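# Descriptive structure summary
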Amino acid sequence: DAGVTQSPTHLIKTRGQHVTLRCSPISGHKSVSWYQQVLGQGPQFIFQYYEKEERGRGNFPDRFSARQFPNYSSELNVNALLLGDSALYLCASSLGPGPSLLQFFGPGTRLTVL
Amino acid sequence: AQSVAQPEDQVNVAEGNPLTVKCTYSVSGNPYLFWYVQYPNRGLQFLLKYITGDNLVKGSYGFEAEFNKSQTSFHLKKPSALVSDSALYFCAVRDNDYKLSFGAGTTVTVRA
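Residues numbered from 1 in each chain as written. Chains lettered and ligands numbered in written order. Predicted model: local features only at pLDDT ≥ 70, side-chain atom pairs only at ≥ 80, totals over all residues. Heavy atoms only, no water.

## Overview of the state of the cysteines
Residue and element names in this part refer to chain A. Counting across every chain of the model gives 2 disulfides over all chains. Each sulfur in the disulfide pair C23 and C91 lies 1.8 Å from the other. Linking C23 and C91, the disulfide has an S-S dihedral of approximately -65° and is accordingly described as left-handed. Of this pair, C23 sits in strand 3 (residues 19-24) while C91 is found in strand 9 (residues 87-94), placing the two residues 68 residues apart along the sequence. (Disulfide = S-S within 2.5 Å. Helix = DSSP H or I, 4+ residues; strand = E, 2+ residues; numbered from the N terminus.)

## Examining the interface of chain B and chain A
With 23 residues of chain B at the interface, the matching set in chain A holds 24 residues. Both sides together, the interface formed by chain B and chain A hides about 1700 Å², and carbon and sulfur atoms give 58% of it. If you sort the residues of chain B by the area they bury against chain A, L44, R94 and Y98 of chain B come out on top, with a joint share of 33%. For the pair chain B and chain A, the interface holds 0 salt bridges. Counting residues per element, the side of chain B that touches chain A draws most heavily on strand 5 (residues 32-38) of chain B, which supplies 4 residues. In terms of residue class, the side of chain B that touches chain A is built from 12 nonpolar, 5 polar and 6 charged. (Contact = heavy atoms within 4.5 Å. Buried area = accessible area lost by both parts, 1.4 Å probe. Salt bridge = Lys/Arg side-chain N within 4 Å of Asp/Glu carboxyl O. Nonpolar A, V, L, I, M, F, W, Y, C, P; charged D, E, K, R; others polar.)

## As for the environment of P43 of chain A
Residues and elements named next belong to chain A. Tracing the backbone shows P43 in the loop between strand 4 (31-37) and strand 5 (44-50). The exposure class assigned to P43 is buried, which follows from its relative accessible area of 1%. Separated by 36 residues in the primary sequence, P43 and S7 place their C-alpha atoms 18 Å from one another. (Buried < 20%, exposed > 50% of the residue type's maximum accessible area, 1.4 Å probe, protein only.)

## Examining the packing of aromatic side chains
Residues and elements named next belong to chain B. This model, assessed by the stated rule, comprises 15 aromatic pairs over all chains. Centroid distance Y36 to F46: 6.1 Å. Interplanar angle 70°. Geometry classified as edge-to-face. Remark: F46 occurs in strand 6 (residues 44-50) and Y36 occurs in strand 5; sequence separation between them is 10 residues. For F46, a relative accessible area of 26% gives the class partly exposed. Aromatic pair Y36 and F102: ring centres 6.0 Å apart, planes at 55°, arrangement tilted. Taken together, the residues span a long stretch of sequence, with Y36 in strand 5 and F102 in strand 11 (residues 101-102) at a distance of 66 residues. Residue F102 is classed as buried on the basis of its relative accessible area of 8%. (Phe/Tyr/Trp six-rings, centres within 6.5 Å; stacked < 30°, edge-to-face > 60°.)

## Concerning the pairing of strand 5 of chain B
Residue and element names in this part refer to chain B. For strand 5, the buried fraction is high: 7 of the 7 residues fall into the buried class. By the bridge criterion, 6 bridges tie strand 5 to strand 6 in an arrangement that is antiparallel. The residue bridging Y36 from the neighbouring strand is F46, located in strand 6. (Pairing = 2+ DSSP bridges.)

Read these as geometric descriptors, not functional statements.
Next up, the structure:
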């Protein structure tokens, strides 16, 4: 079975631009979460979606948005990019949103903002 | 609010020696605790989790962790470390919330 897949692998943007990151969950998983991992830090929670509804949002500005599609894949959008948005963006999928359910992580998208 | 602390940025051990990576947590409800490992330019790989029950949890690749409620700790251990265990280790916690809260990570280096 394929694991969580993310695209693209790497991305270079300039300040002020917009970016869209994509994630495909493990087959059968209905919940997708997004995390931002800045170099030297642990991942920080951005969003969780379940059954196409936003279930939770971390402490990120409104420039960050996401959505989940009927096939449970997800997109993370970031507008008006700042240098500080440079990070590894991780997508995780799980069967559902419950706290005991394991989240499986994808390889991440490395975003560099120049 | 939930949080995790990993007090050591780096842990260095010789191959064959015991390995311990420390983690303490803070939650308002019942803790759900996880350990993940990250290799360079890779995502996070699950090692083990504590939900309820036995305080000693056994996981992948010979790792285990001990849940200590009174000390609010969940230290990761391996009796005999391998060079291939060299990686970045993250402890994470959830209570009844929807998100994982991660520690800052501990870099483990196992020398041959």
